[in-house]
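# Coordinate inspection notes
Residue-level listing of the chains:
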Amino acid sequence: MLIVNIAQLVGLHGAEVHKVAAAAMKELPLLENAYLRIEGERIVDLGRMQDLPGTGGDEVVDATGCVVMPAFCDPHTHLVYAGSREKEYRDKVMGLSYEEIARRGGGILNSARRLHETSEEELYEQSLPRIEEILSFGTGAVEIKSGYGLSTEDELKMLRVIRRLRESTPLTIRATFLGAHAFPAEYRNDPDAYVDLIIQEMIPLVAGEGLADFIDVFCDRGFFTPEQTDRILMAGVKHGLRPKIHANELDYSGGVQVGVKYDALSVDHLEFTGDEEIALLKESDTMPTLLPGASFFLGLDDPPARKMIDAGLPVALATDFNPGSSPAGDMQLMMSLGMIRLRMLPEEAINAATLNAAYAMGVEEEMGSITPGKKANLIITRPVPGYEYLPYAYGSDHAGKVIINGKIIKDKC
Ligand code: NIG
Ligand code: FE
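Residues numbered from 1 in each chain as written. Chains lettered and ligands numbered in written order. Predicted model: local features only at pLDDT ≥ 70, side-chain atom pairs only at ≥ 80, totals over all residues. Heavy atoms only, no water.

### Topic: the coordination of the iron ion (ligand 2)
In this structure, His76 (NE2), His78 (NE2), His246 (NE2) and Asp320 (OD) serve as the protein donors to the iron ion (ligand 2), at separations of 2.1 to 2.2 Å. The class of His246 is buried, set by a relative accessible area of 3%. (Donors = N, O, S within 2.8 Å, 3.2 Å for Na, K, Ca; no water. Buried < 20%, exposed > 50% of the residue type's maximum accessible area, 1.4 Å probe, protein only.)

### Re the packing of helix H6 (residues 191-208) against helix H7 (residues 226-238)
Packed helices, taken two at a time, are described by the angle their axes make and the gap between the axes. Direction vectors running N to C along H6 and H7 enclose 5°, while the axes themselves pass 10 Å from each other. As summarised for this structure, H6 and H7 are arranged roughly parallel, according to the angle between their axes. The segment H6 lies against H7, with Pro191, Asp192, Val195, Asp196, Ile198, Ile199 and Ile203 engaging Gln228, Arg231, Ile232, Ala235 and Gly236. When its residues are assigned to classes, the contact of H6 with H7 shows 7 nonpolar, 2 polar and 3 charged. (Axes fitted to C-alpha atoms, helices over the stretch in contact; angles between N-to-C directions. Helix = DSSP H or I, 4+ residues; strand = E, 2+ residues; numbered from the N terminus. Parallel < 35°, antiparallel > 145°, perpendicular 65-115°, else oblique. Contact = heavy atoms within 4.5 Å. Nonpolar A, V, L, I, M, F, W, Y, C, P; charged D, E, K, R; others polar.)

### Section: the packing of aromatic side chains
Summed over all chains, the structure comprises 8 aromatic pairs. With a centroid separation of 6.2 Å and 75° between ring planes, the pair formed by Phe183 and Tyr194 is classed as edge-to-face. Here the residue Phe183 occupies a position in the loop between strand E8 (172-180) and H6, and Tyr194 occupies one in helix H6, the gap between them amounting to 11 residues. Judged by its relative accessible area of 0%, Tyr194 falls in the buried class. Among the aromatic residues, those joined into a cluster by ring pairs are Phe183, Tyr187, Tyr194 and Phe224. Looking at Arg130, its charged tip hangs above the ring of Tyr81, at a distance of 3.5 Å from the centre. Cation over ring: Arg164 sits above Tyr124, and NZ or CZ is 3.7 Å from the ring centre. (Phe/Tyr/Trp six-rings, centres within 6.5 Å; stacked < 30°, edge-to-face > 60°. Lys NZ or Arg CZ within 6 Å of the ring centre and 35° of its normal.)

### As for the site of ligand 1
Ligand 1 sits among 15 residues. The nearest are Tyr98, Tyr148, His181, Asp320 and Ser325. Separating an oxygen atom of ligand 1 from a side-chain N or O atom of Arg85 is a distance of 2.9 Å. Burial of ligand 1 by the protein chains amounts to 100% of its free accessible area of 320 Å². If you map ligand 1 onto the pockets, it falls in the largest cavity. In terms of residue class, the shell around ligand 1 is built from 4 nonpolar, 8 polar and 3 charged. (Near = heavy atom within 4 Å. Polar contact = N/O pair within 3.5 Å; in protein donor to acceptor, adjacent residues only side chain to side chain. Areas by Shrake-Rupley, 256 points an atom, 1.4 Å probe, with all protein chains shown as cover. 1 Å grid on protein atoms, 1.4 Å probe; cavity = no way out; pocket = protein on both sides within 12 Å on 5 of 7 lines; lining within 4 Å. Sits in = over half its atoms within 2 Å of the grid points.)

Given below as structure tokens:
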């Protein structure tokens, strides 16, 4: 396939660039009036139109007036869930906090109850349209967590659904075991017994069946303590699961410290991030991943993205797609929230949603930039004035064509 007359071909990072931090986040390498050649499922060549070699035999796609950019990676979602929780959102509007709703048996435990009552087949059927929706918004790779099971049987059920989605859709999917998402009601008086169950029973089974790539813990006020998180991550690492954790959404939880200690691939949320957390992250390979949909939807203070980038950190963006704190899987919207609420520049928002997001889920060698040799996962936008228009004009679907593994899977322009 040959894409011609591309107004702006953006995200042309070299293969050696695995993530961008600090001032480099403002750099979005691009070519104007460009072509891009795809063979099979890979990008093989790109350049300026005036240098285009012969086009014989190619399927030619005209991208006059369009931006071509890398497909998004979404490195933090909970998109396998049963039912939805819009009734709780009414309670929130009436003044209850996220934690108060959780204490009343709402929140994660409500989703766990529904998931328990839902068959594996039905859970797959409910999750598949969410995958189709995010593909059409231009997401080419997604991380999906368990964590609405909270029993061995139901956590395995969730992870098997994730595996089936991986086998049956063109998306690149990474799975994360999040047994430590909340304490089931029956463990309320003995939370450490649930930590023992995770360590002694769940992790060996999950790792034994090869059902997860990563391990996660919701390390925050009212949820798992840093000490409990430490034990769980140590067990996960022993079983070959790299940490990727929830930290500092509700308070300075100590989550960043324990995440960095175990060389987490990412620490996510980070609404509460101070100088100490920034200094630790700067010395690490851990990607700070921000979820502006969650702070927007819950009405929380946003993470200090501007301060983090200016202090020298990289950041990635993700949707957190879940029924409780961010029922949205649209990475285009996250880029806009990145600009509107986190004060990120358009170049930073695009880099955070593509290359740095790929890094945050361990797929940066294959995805996240327009680079010969990488997978041909890309978005051809509808005609737009330029890439800066994409995060600016929020609420519109700018993805005209979406190409995944070299195949056009959406064609709406
Ligand atoms: O990332 N913070 C913890 N977990 C999810 C919310 C899960 C839920 O409310 O169902 C999150 O925001
Ligand atoms: Fe989350």
